[in-house]
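Coordinate analysis (summary)
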Amino acid sequence: MSLGGYYSRVIEYAMNYAAQRNVLVVVASGNDGIPDMGYPATSQYAMAIGASNRMDIAAEFSSFGKGLSMSAPGSDIPSLMPDGNVTYLSGTSMATPYVAAAAGLLLSKNPSLKPNQVRNILQSTADDISFTSVDGKDDIFYDENDEPIVDPKIPGIDWMTGHGRLNAFAALSAVELNASVNKVEDQHQKVTGKAKAGAAISVYRGKTLLGKGTASKKGTFSVKVKHQNKNKVLHIKISKGKAATSLKTVVKKGKAPAKPKVGKVTVKSKAVKGTAGAGLTIKVKNKSKKVIKTVKTNSKGVFTAKIKPQKAKTVLYVTASDVRKRESQAVKVVVKK
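Only a predicted model underlies this, so the values are computations on that prediction, with no experimental measurement involved.

1. A look at helix α3 (residues 115-124)
Burial analysis of α3 places 7 of its 10 residues in the buried class, the great majority of the element. Burial in α3 covers these residues: P115, V118, R119, I121, L122, Q123 and S124. Buried residues in α3 make contact with β2 (46-52), β3 (68-73), α2 (92-109), α4 (168-176) and β14 (243-250).

2. Concerning the packing of α2 against α3
Put simply, α2 and α3 touch, their axes get as near as 10 Å, and they point 115° apart. Seen along the crossing, α2 lies across α3 with a hand that is right-handed. Residues V99, A102, A103, L106 and L107 of α2 form the contact with α3, whose own contacting residues are V118, I121 and L122.

3. As for the nonpolar core
V99, L122, F221 and I238 are the most contacted members of the largest nonpolar core, which totals 39 residues. Ranked by the residues each element gives to this core, the list is headed by α2, at 5 residues. When sequence neighbours within four positions are dropped, the list of residues in contact with V99 reads V26, M47, I49, M70, A72, L122 and L166. Core analysis: the next-biggest nonpolar cluster, separate from the first, contains 16 residues, V265, V272, V284 and V295 among them.

4. A look at the pattern of salt bridges
Summed over the entire model, instances satisfying the criterion amount to 10 salt bridges. The partner of E176 in a salt bridge is K109, with the nearest N and O atoms 2.7 Å apart. Here the residue E176 occupies a position in helix α4, and K109 occupies one in helix α2, the gap between them amounting to 67 residues.

5. Details of the side chain of Q187
Its location among the elements puts Q187 in the loop between β8 (180-181) and β9 (190-194). Reaching out from Q187, the side chain makes a polar contact with the side chain of E185 at a distance of 2.7 Å. Among the polar contacts listed, one links the side chain of Q187 to the side chain of R326, at a separation of 3.3 Å. When residues no more than four places from it in sequence are discounted, the contact partners of Q187 are H227, G254, D322, V323, R324 and R326.

6. Regarding the sheet that holds strand β13 (residues 233-240)
The strand order β11-β10-β13-β14 describes an open sheet built from 4 strands, whose pairing is antiparallel. Of all the strands in the sheet, just β11 (208-214) and β14 have a single pairing partner and so form its edges. On average, each strand axis in the sheet is tilted by 20° relative to the strand beside it, whichever way the strands run. The sheet contact formed by strand β10 (residues 200-205) and β11 spans 6 bridges and is antiparallel. Its bridge partner being in β11, A200 is matched across the sheet by T214.

7. Some remarks on the pairing of strand β20 (residues 315-321)
Counted residue by residue, β20 has 7 buried out of 7 residues, so it is predominantly covered. Because side chains alternate across β20, one face comprises the buried residues V315, Y317, T319 and S321, and the other comprises L316, V318 and A320, equally buried. Two strands pair when backbone bridges link them, and strand β17 (residues 281-285) and β20 are joined in this way by 5 bridges, in the antiparallel orientation. When the sheet's bridge partners are listed, V284 is paired in β20 with V318. As paired elements, β20 and strand β21 (residues 331-334) share 4 bridges and run antiparallel to each other. Paired with V318 across the bridge in β21 is V331.

8. Regarding helix α1 (residues 9-20)
In this model α1 runs 16 Å from its N-terminal to its C-terminal C-alpha over 12 residues, within 8% of the 16 Å that 1.5 Å per residue would give. Where α1 is buried, its residues touch β1 (25-28) and β2. Put simply, S8 is the residue that caps the front of α1, since its side-chain oxygen is 3.3 Å from the backbone nitrogen of V10. Immediately beyond the C-terminal end of α1, within one or two residues, lies N22, with a positive phi of roughly 60°.

Quick notes on the rules
Along each chain, numbering runs from 1 in the same order as the chain's sequence is written. Confidence filtering applies because this is a predicted model: local features only for residues at pLDDT of at least 70, side-chain atom pairs given and counted only at 80 or more, and all residues used for totals across whole chains, interfaces and linings. Values reported for side chains reflect all heavy atoms of the structure, with hydrogen atoms and water molecules removed beforehand. Relative accessibility decides the category of a residue: with a 1.4 Å probe and only protein chains considered, values under 20% of the type maximum give buried, values over 50% give exposed, and everything between is partly exposed. Helix numbering and strand numbering both begin at the N terminus, where a helix is a DSSP run of H or I of at least 4 residues and a strand a DSSP run of E of at least 2. We call two residues in contact when some of their heavy atoms are within 4.5 Å. Only C-alpha atoms enter the line fits that serve as axes; for helices the fit covers just the stretch in contact. Angles between N-to-C directions range over 0 to 180 degrees. In a left-handed crossing the near helix is turned counterclockwise from the far helix by less than a right angle, and in a right-handed crossing that turn is clockwise. Residues enter a nonpolar core if they are buried and are Ala, Val, Leu, Ile, Met, Phe, Trp, Tyr or Cys, with the set joined through side-chain atoms within 4.5 Å. Each salt bridge in this description consists of a side-chain nitrogen of Lys or Arg and a carboxyl oxygen of Asp or Glu lying within 4 Å of one another. Any pair of N or O atoms that falls within 3.5 Å is considered a polar contact. Within protein, one atom must be able to donate a hydrogen and the other to accept it, and sequence-neighbouring residues count only if both atoms are side-chain atoms. The rule for pairing is simple: two strands pair if DSSP sees at least two bridges between them. Multiplying 1.5 Å by the residue count of a helix minus one yields the expected span of that helix.

In C-alpha cells, the structure reads:
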C-alpha cells in the first residue's frame, strides 16, 4: 500500500479483513522525514516500510519512529509511468514493493508460512545500516504538544531504519535452510535452533565469533557460547551450498530457575539428590538458611549433594541458581526416620 494520511475506518476494516485471512499488508511509512509515520503505516495490521538511499543509509525523506518495521531501497528507483515511459522516482512508495515482492518469494518457497512468520524472517535477516552522527547532535523533533520526541533505543531496532535494510537473498536462504533460532536468555551458555542437516553455524556478537557448530541429521543445532548480557544483539550465520543467511536475535533477561525437585531424605541418607535445569548451582541449606553444601547439576540436570546424616525432623532447604546468581524459591525438606 502506497498511500498515507489520516485514520480511515474503511481502510482499517479492509486491513483487518485481510489480516484475518492471513494476508501480510506491507505499507509505506511516509515521506515527511520525521518520527511520525502516516496512516495506514501506523495501523496494527501494517508492516511499515521506510526507504534507504544510494549510500545505504536512511533516506532523508523517509518517515520513521515507533512501529517502523524495516527499510528497503527507495531513492532513484526506475519506475514505470502511466504513459509507458520509465523515470527515476524516490519515496517510501518505491521501497515498499521490494518488501512485498520478497514476501511473495518466501511464500512461493513455503506457502504454509503465516504473515507473522514472513515478517519475522524478513526482519531478522535484514542488514543493519544504522548511522550515528559524530559531528553533532541529531535533529530534535517535537510532537503536537511541543514535547521532544526521543529515540526509545530498542536493542536490535534502529529508530530510522527499523530492523534494517531488506536482504531478500538472506531471507529466501533462511526459508531454503529451514533456519530459525530459539530464544536466547542471559543465563544460556548455548544458542540453539533449527537448520537443514549439515548446515554450518556461526554465532557472532558484532565482529566477535562466539562459537561454531553444524546442524545435526535431525535438523537442529546447539552452539556453545559464553553467556551474554541482556540486550546484546547476536547474529547467527547459517549456510549450506549456495544458501547463506544471518539471523538476528536479541539476548533477553532470564528468570530465576524453577524450584528443584528433591528426593526423600532420611536419617540414613548421606546425600540430597534430585533434578533441576542443566548447569545450575544447587545449594543445600540448614534451618538457619546457612549453606552446608554446594554442587552443580550435570548435563541432564541431575545432582547429588553429599551431606552428613541428619537427625529426624531436621529441616533443610534446597535452591537452584543460574550463572547470573538468580536463585529459585527454596524447597523445604524434612528429614524422615
